[in-house]
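So you can see what is in the structure, the chains are spelled out below.
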Amino acid sequence: MPAVSKGDGMRGLAVFISDIRNCKSKEAEIKRINKELANIRSKFKGDKALDGYSKKKYVCKLLFIFLLGHDIDFGHMEAVNLLSSNKYTEKQIGYLFISVLVNSNSELIRLINNAIKNDLASRNPTFMCLALHCIANVGSREMGEAFAADIPRILVAGDSMDSVKQSAALCLLRLYKASPDLVPMGEWTARVVHLLNDQHMGVVTAAVSLITCLCKKNPDDFKTCVSLAVSRLSRIVSSASTDLQDYTYYFVPAPWLSVKLLRLLQCYPPPEDAAVKGRLVECLETVLNKAQEPPKSKKVQHSNAKNAILFETISLIIHYDSEPNLLVRACNQLGQFLQHRETNLRYLALESMCTLASSEFSHEAVKTHIDTVINALKTERDVSVRQRAADLLYAMCDRSNAKQIVSEMLRYLETADYAIREEIVLKVAILAEKYAVDYSWYVDTILNLIRIAGDYVSEEVWYRVLQIVTNRDDVQGYAAKTVFEALQAPACHENMVKVGGYILGEFGNLIAGDPRSSPPVQFSLLHSKFHLCSVATRALLLSTYIKFINLFPETKATIQGVLRAGSQLRNADVELQQRAVEYLTLSSVASTDVLATVLEEMPPFPERESSILAKLKRKKGPGAGSALDDGRRDPSSNDINGGMEPTPSTVSTPSPSADLLGLRAAPPPAAPPASAGAGNLLVDVFDGPAAQPSLGPTPEEAFLSPGPEDIGPPIPEADELLNKFVCKNNGVLFENQLLQIGVKSEFRQNLGRMYLFYGNKTSVQFQNFSPTVVHPGDLQTHILSGPAQPPASPRRPSSPWGSRLTQLAVQTKRVAAQVDGGAQVQQVLNIECLRDFLTPPLLSVRFRYGGAPQALTLKLPVTINKFFQPTEMAAQDFFQRWKQLSLPQQEAQKIFKANHPMDAEVTKAKLLGFGSALLDNVDPNPENFVGAGIIQTKALQVGCLLRLEPNAQAQMYRLTLRTSKEPVSRHLCELLAQQF
Amino acid sequence: MMRFMLLFSRQGKLRLQKWYLATSDKERKKMVRELMQVVLARKPKMCSFLEWRDLKVVYKRYASLYFCCAIEGQDNELITLELIHRYVELLDKYFGSVCELDIIFNFEKAYFILDEFLMGGDVQDTSKKSVLKAIEQADLLQEDESPRSVLEEMGLA
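Every value quoted in this text rests on a predicted model; they were computed, and no experiment measured them.

Chemist: Tell me about the interface of chain A and chain B, and please be specific about residues and values.
Modeler: Taken together, the contact between chain A and chain B spans 80 residues of the former and 73 residues of the latter. Between chain A and chain B, a total of about 6700 Å² is buried, with carbon and sulfur atoms accounting for 54% of that surface. Inspection of the chain A/chain B interface yields five salt bridges. Lys13(B) is the salt-bridge partner of Glu29(A), the closest N and O atoms lying 3.7 Å from each other. There are 28 residue pairs in polar contact (both at pLDDT 80 or more) connecting chain A and chain B. By residue number, the principal contributor to the side of chain A that touches chain B is helix 16 (residues 300–320) of chain A, which donates eight residues.

Listed below in structure tokens is the structure:
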């Protein structure tokens, strides 16, 4: 088809393009372009009306200039004229200009709406397609308002041409994505679903994309698409390679359609209908089988298309996460790809295995590939592939292989690309902490990190090691000894000095017995680094010195000498000077007892989410959480690594809103006034001659006061209020003299919508009214297993949709900043459960009432059981499943006293409200209650069985929960037990 | 959904750009510059996929021209790679063994072909026949017009 000069080749355009290509320099090119722009401008402005051809030519030239990277700020009107022309070529160029150049917010959209309307109504399929393309391309809200109602009609009209239907489907999809509220769902939904049966493969291809998007928001309305998609897929998969004629691509039947259908199926749980499910499993098996067959062509296109389907199939298998046999087969298939000569396949296999690693059925199978993956980390020449290998190692890590993986990652770090070093450092730090069996290994690992990649060890990492050492007395001596040795290296990283300074200041006494690390030796070792360090580190070391005076009175004279030196007392840096002056005075004025009180060892830190984890999450989505938010793999890890009791906070303990150690630039381990008495004493001490402003808040500490985006801990009654909503969805969540908060919510599958009603009970307007929702993400509950803690790091932006790490995506709309007296405002929350979660999101309400700021944090009544789908089953099935979940960690049981009268009907209502189905005739004892349901999350589903045995005589209950995920069992048991 | 598609030469000259989400001019330029740099720095045997910002980039080089697509996290990389290939095949069929110059001088045709194939960042039709038939029909419409417009100009219509 020699079509280059088909139709009317625009000679002027070709000449212009040649001119530009012949320009010898950038300057010449710009000159030529400016000349042309001036020419076009004058033509457009000229008195003589331009004919269509010239307009078209000039608009094309403008397009070309735009492509070269220049801004175009005129010509739009001419393009609009062209677009309204009756001549196809002019129309086409007009549309092209608009779709390439115009942003969705352009004023011009309004001008072209009329022309588009005409074209849509023209019944000329070519014109209609052009118009649909343009709408889709601009995709703005204005476009939606103008056309969203027409397009479904065109899509399902019996007389629409296939090509028009295709364009209409994708156009509607685009509008729906841009503004879902504008696309009316109606009687046409059923007909859209039936497009899956259309004769024309192109129509099906376009329609599947539309349905995939629509069904995510309205899963029930589109439910029938599952069986249609399965049968369509099955027909394709089993067809011979030539059956589908032009839709066969390099001997692979309809690869695009297959991939899209498999994608669609990932919006739903496995089909409930046994026949449909059987057919689907057969399809999936066929795809896996075909992967083993010899290729029908040597062309890379053949294998790519085939493998595109294979990878999508594996994604679906992982999504279902319920067919152990298929999961293991998928894993084996990916294992083969890990050694494939095609880099692309190795990359994708590593990526896909990462998700497979978090399934309990395939975790072990994934682990068998550890050597290959380590090898990939060492030998792959492409950094993006190495990155995937590192991600996978992180995902497959558990207690059994942690040492090996951590040591490999450490080794890799020495040669790793700069771009990914920090991430590897974070991952190593997290794995080392999570899977530490003995903490000396943990300390060694972190010190190695600092040694190998000190520059990339962020403060979160070294704060964390200090926190852990402080909280665990079994490792303090070892830590002191190890840092002491590490500091002896002639050149050590400043982070090492910081960690060393802090640890020796706290625990240097534990190694002071050894003459090789006697107090004077420790001091002179630290002080030898002093002058090379930054201000922050020097400030920290000064605090270490004053701690030394307390720990080792024999060093007092030397240290006072150092503090007294002019370089300290008159240091240009205010912080250093202040510390030197205050510490010097403290050491000379205070008695030993006072010193011992003031400079006491730091109390244990309250436990909360590792801020390293938070940092990794901020830094990088994929893979970061997969290994961690998943307590299943290592049930014991909770006890060992998270056993630190949260301590009641003392004066010196940073508030929960503070960052990790509550320290920013310079962590002063000194001077925690342990009691009020000590505090007063300090004031006296500094009343002395060398008086300086007393140990008031330093500039750093100002950081720690809660900022506007910080959220305070939930009010004490928050848990009680939350419990009221476990079995019901509507009611009053909170009420005081000022404010009433009502809740109405509904949940379906893994989605929920909640309406919050804020009522102003006063007659005065609330100002700056701002309710916000954050989900602390309960990653920390898995790692540290503390009882429900206040949010660790509320500074994280509230969860975006679709992030792989969040367990719950909550989308909120802003509400008006003023609430009039007596008025009520409503806020809608859209909630999507991405994976199982344990802690509810927090709702923080702030406003000003009569000039006084008010703040209130509540727990949002969203608990995991809201995503329950009741499941009916017969006794036999129930017992079979009950037996399948027989591992001790899958069961949670609680025996407790009844808090309410034991009424069978009330109990039933509560269990139904909880979300499970009630099964009759299952338990031989009719007094007992038995229930079943599935918790729907986007990532996986958790089947739950429960049994409640009341004992009326003893006024006790026994509640037993069995689910496939240990934390879920425990959590549900806790939640439900409080209801009776 | 595909976010955008870029065609650029080994020398870093942009030949075609198609954006499926409204993006400001400034942002577009920045993204193009950044992405070209990343892709051009890669060696021949490296894999065709990379993570870039929050997107996945799939690219392939045909002679002197790079075809580069940015897709979203859940999209299938391999099928996107073949989507590029199918587009190249369509160009090849239309122009008759296509080369970079064809695309430079007939960029508007390259756009029309792309538009028949992809819409709103999604595959509209994968059949080579359907797409080419649509383009052919459009070309026929064009030819029909030409004589008529001459007649019109002479005031005879």
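Chemist: If you had to explain the nonpolar core to someone new, which residues and values would you point to?
Modeler: One finds Ile116(A) and Tyr87(B) to be the most contacted residues of the largest nonpolar core, which totals 277 residues. By size, the runner-up hydrophobic cluster in this structure holds 61 residues, among which are Leu808(A), Val819(A), Phe837(A) and Leu856(A).

Chemist: Kindly report on the pattern of salt bridges, identifying the contributing residues and their values.
Modeler: All names here are of chain B. For the coordinates displayed, the defined rule picks out 53 salt bridges over all chains. The salt bridge involving Arg53 is made with Glu27; its shortest N-O contact spans 3.0 Å. With Arg53 in the loop between strand 3 (49–52) and strand 4 (55–62) and Glu27 in helix 1 (residues 25–40), this residue pair connects regions lying 26 residues apart in the sequence. The exposure class of Arg53 is partly exposed, given its relative accessible area of 39%. A relative accessible area of 29% places Glu27 in the partly exposed class. The shortest N-O distance in the salt bridge between Lys56 and Glu77 comes to 3.1 Å.

Chemist: Lay out the sheet that holds strand 5 (residues 751–760) of chain A in plain terms, naming residues and giving numbers.
Modeler: Residues and elements named next belong to chain A. The five strands lie next to each other as 3-4-5-8-7, forming an open sheet whose pairing is antiparallel. The sheet is open, and its two edges are formed by strand 3 (731–735) and strand 7 (808–812), each paired on a single side. Pairwise comparison of adjacent strand axes, ignoring direction, gives a mean angle of 25 degrees for this sheet.

Chemist: Kindly report on unusual backbone geometry, identifying the contributing residues and their values.
Modeler: Residue and element names in this part refer to chain A. Unusually for a residue other than glycine, Ala254 sits at a positive phi of about 40 degrees. In this structure, Ala254 sits in the loop between strand 2 (252–253) and helix 14 (255–265). Its identity is not glycine, yet Asp321 carries a phi of approximately 50 degrees, on the positive side. With respect to the helices and strands, Asp321 occurs in the loop between helix 16 and helix 17 (324–338). Note on Asp321: relative accessible area 16%, which makes it buried.

Chemist: Please set out the environment of Ala178(A) residue by residue, giving values where relevant.
Modeler: Relative to the helices and strands, Ala178(A) resides in helix 10 (residues 162–178). Since its relative accessible area comes to 38%, Ala178(A) is described here as partly exposed.

Chemist: I'd like to hear about the layout of surface pockets, residue by residue, with values.
Modeler: Residues and elements named next belong to chain A. If you add up the space inside the second largest pocket, you get close to 1300 Å³. As for the second largest pocket, its lining consists of 42 residues, and the residues nearest its centre are Pro270, Ser322, Arg881, Ile934 and Gln941. Listing elements by their share of the lining of the second largest pocket, those giving two or more residues are helix 13 (225–237), helix 15 (274–292), strand 11 (868–870), helix 40 (875–884), strand 14 (929–936) and strand 15 (941–951). Across the lining of the second largest pocket, the residue classes break down as 18 nonpolar, 14 polar and ten charged.

Chemist: Lay out the pairing of strand 9 (residues 842–849) of chain A with the relevant residues and their values.
Modeler: For a regular strand, the rule is simple: side chains alternate between the two faces of the sheet. All names here are of chain A. When strand 6 (residues 766–774) meets strand 9, the two strands line up antiparallel, connected through seven bridges. Across the sheet, residue Ser770 finds its bridge partner in strand 9, namely Arg846. If you look at the hairpin formed by strand 9 and strand 10 (residues 852–859), you'll find two residues sitting between the two strands, and Gly850 has a positive phi there, around 55 degrees.

Chemist: Give a detailed account of the packing of aromatic side chains, specifying residues and quantitative values.
Modeler: All told, the structure shown has 33 aromatic pairs over all chains when counted by the stated rule. Ring geometry for Tyr62(B) versus Phe67(B): centroids 5.5 Å apart, planes at 80 degrees, classification edge-to-face. The residues Tyr62(B) and Phe67(B) share a single accessibility class, namely buried. An aromatic cluster of three or more residues is present, and its members are Tyr758(A), Phe766(A), Phe769(A), Phe847(A) and Tyr849(A). Seen from the ring of Tyr394(A), Lys427(A) lies directly overhead, with NZ or CZ sitting 5.1 Å from the centre. A cation over an aromatic ring shows up here: Lys728(A) above the ring of Phe725(A), its NZ or CZ 5.3 Å from the ring centre.

Chemist: Before we move on, can you summarise the sheet that holds strand 10 of chain A with the specific residues and values?
Modeler: Residues and elements named next belong to chain A. Ordered in space as 6-9-10, the three strands form an open sheet in which the pairing is antiparallel. On the outer flanks of this sheet lie strand 6 and strand 10, each paired with one strand and no other. Neighbour to neighbour, the strand axes of the sheet diverge by 10 degrees on average, direction disregarded. Across eight bridges, strand 9 lies against strand 10 in antiparallel orientation. Among the inter-strand pairings, Arg846 is bridged to a residue of strand 10, identified as Ala855.

Chemist: Go over helix 32 (residues 574–589) of chain A with me, naming the residues and quoting the values.
Modeler: The periodicity of an α-helix, 3.6 residues per turn, causes residues three or four positions apart to be oriented the same way. Residue and element names in this part refer to chain A. Here helix 32 spans 22 Å end to end across 16 residues, near enough to the 22 Å set by a 1.5 Å rise per residue. Across the 16 residues of helix 32, twelve count as buried, placing the element largely inside the fold. Of all the positions in helix 32, only Glu575, Leu576, Gln578, Arg579, Ala580, Val581, Glu582, Tyr583, Leu584, Thr585, Leu586 and Ser587 are classed as buried. For helix 32, the N-terminal capping position is held by Asp573, with its side-chain oxygen 3.0 Å away from the main-chain nitrogen of Glu575.

Chemist: Could you give me a rundown of the packing of helix 5 (residues 88–101) of chain A against helix 6 (residues 108–121) of chain A, with the residues and numbers involved?
Modeler: All names here are of chain A. Closest axis-to-axis distance for the helix 5/helix 6 pair is 13 Å, and the angle between their directions is 130 degrees. By the angle between their axes, helix 5 is oblique relative to helix 6. At the point where helix 5 passes helix 6, the crossing takes the left-handed sense. Mapping the contact onto sequence places Lys91, Tyr95 and Ile98 in helix 5 and Ile112, Ala115, Ile116 and Asp119 in helix 6.

Chemist: Go over the confidence of the model for chain A, please, and point to the residues and values.
Modeler: Looking at chain A as a whole, its pLDDT mean stands at 81, while 86% of the residues score no less than 70. Per-element confidence in chain A ranges from a low mean pLDDT of 30 for helix 39 (residues 779–783) of chain A to a high of 95 for helix 14 of chain A.

Chemist: Describe helix 21 (residues 383–396) of chain A, with residues and values.
Modeler: The terminal C-alpha atoms of helix 21 of chain A lie 20 Å apart, and with 14 residues this matches the ideal 20 Å at 1.5 Å per residue to within 8%. Most of helix 21 of chain A sits inside the fold, with 13 of its 14 residues counted as buried.

Chemist: Which residues make up the state of the cysteines, and what values do they have?
Modeler: A complete count under the given rule lists zero disulfides over all chains for this structure. The thiol of Cys215(A) is not disulfide-bonded; the next cysteine sulfur, from Cys267(A), is found 3.8 Å away. Residue classification places Cys215(A) among the buried positions, given a relative accessible area of 2%. Here Cys69(B) is not cross-linked by a disulfide; its sulfur's nearest cysteine counterpart is in Cys68(B), at 6.9 Å. Accessibility expressed as a relative area gives 0% for Cys69(B), which makes it buried.

Chemist: How would you summarise the confidence of the model for chain B if you had to cite specific residues and measurements?
Modeler: Residues and elements named next belong to chain B. Looking at chain B, pLDDT values average 86 and 90% of them are 70 or higher. Confidence, expressed as mean pLDDT per element, reaches its minimum in chain B at helix 5 (residues 128–153) with 68 and its maximum at strand 5 (residues 65–71) with 96. This model gives residues 147–157 a pLDDT under 50, and the stretch forms six contacts once residues within four places in sequence are excluded. If you check the scores for this complex, the pTM reads 0.65 and the ipTM reads 0.91.

Chemist: Tell me about the environment of Leu172(A), residues and numbers included.
Modeler: Residues and elements named next belong to chain A. By secondary structure assignment, the location of Leu172 is in helix 10. Residue classification places Leu172 among the buried residues on the basis of a relative accessible area of 0%. When the C-alpha positions of Leu172 and Ile151 are compared, they lie 6.4 Å apart, and in sequence the two are 21 residues distant. Sequence-distant contacts of Leu172, defined by excluding residues within four places in its chain, comprise Ala148, Ile151, Pro152, Leu155, Val183, Trp188 and Leu210.

What counts, and where the lines are drawn
- Residues numbered from 1 in each chain as written.
- Chains lettered and ligands numbered in written order.
- Predicted model: local features only at pLDDT ≥ 70, side-chain atom pairs only at ≥ 80, totals over all residues.
- Heavy atoms only, no water.
- Contact = heavy atoms within 4.5 Å.
- Buried area = accessible area lost by both parts, 1.4 Å probe.
- Salt bridge = Lys/Arg side-chain N within 4 Å of Asp/Glu carboxyl O.
- Polar contact = N/O pair within 3.5 Å; in protein donor to acceptor, adjacent residues only side chain to side chain.
- Helix = DSSP H or I, 4+ residues; strand = E, 2+ residues; numbered from the N terminus.
- Core = buried A, V, L, I, M, F, W, Y, C linked by side-chain atoms within 4.5 Å.
- Buried < 20%, exposed > 50% of the residue type's maximum accessible area, 1.4 Å probe, protein only.
- Pairing = 2+ DSSP bridges.
- Axes fitted to C-alpha atoms, helices over the stretch in contact; angles between N-to-C directions.
- 1 Å grid on protein atoms, 1.4 Å probe; cavity = no way out; pocket = protein on both sides within 12 Å on 5 of 7 lines; lining within 4 Å.
- Points joined across faces, edges and corners; volume = space filled by probe spheres on them.
- Nonpolar A, V, L, I, M, F, W, Y, C, P; charged D, E, K, R; others polar.
- Phe/Tyr/Trp six-rings, centres within 6.5 Å; stacked < 30°, edge-to-face > 60°.
- Lys NZ or Arg CZ within 6 Å of the ring centre and 35° of its normal.
- Expected span 1.5 Å × (residues − 1).
- Parallel < 35°, antiparallel > 145°, perpendicular 65-115°, else oblique.
- Left-handed = near helix turned anticlockwise from the far one by under 90°.
- pLDDT = per-residue confidence, 0-100.
- Disulfide = S-S within 2.5 Å.

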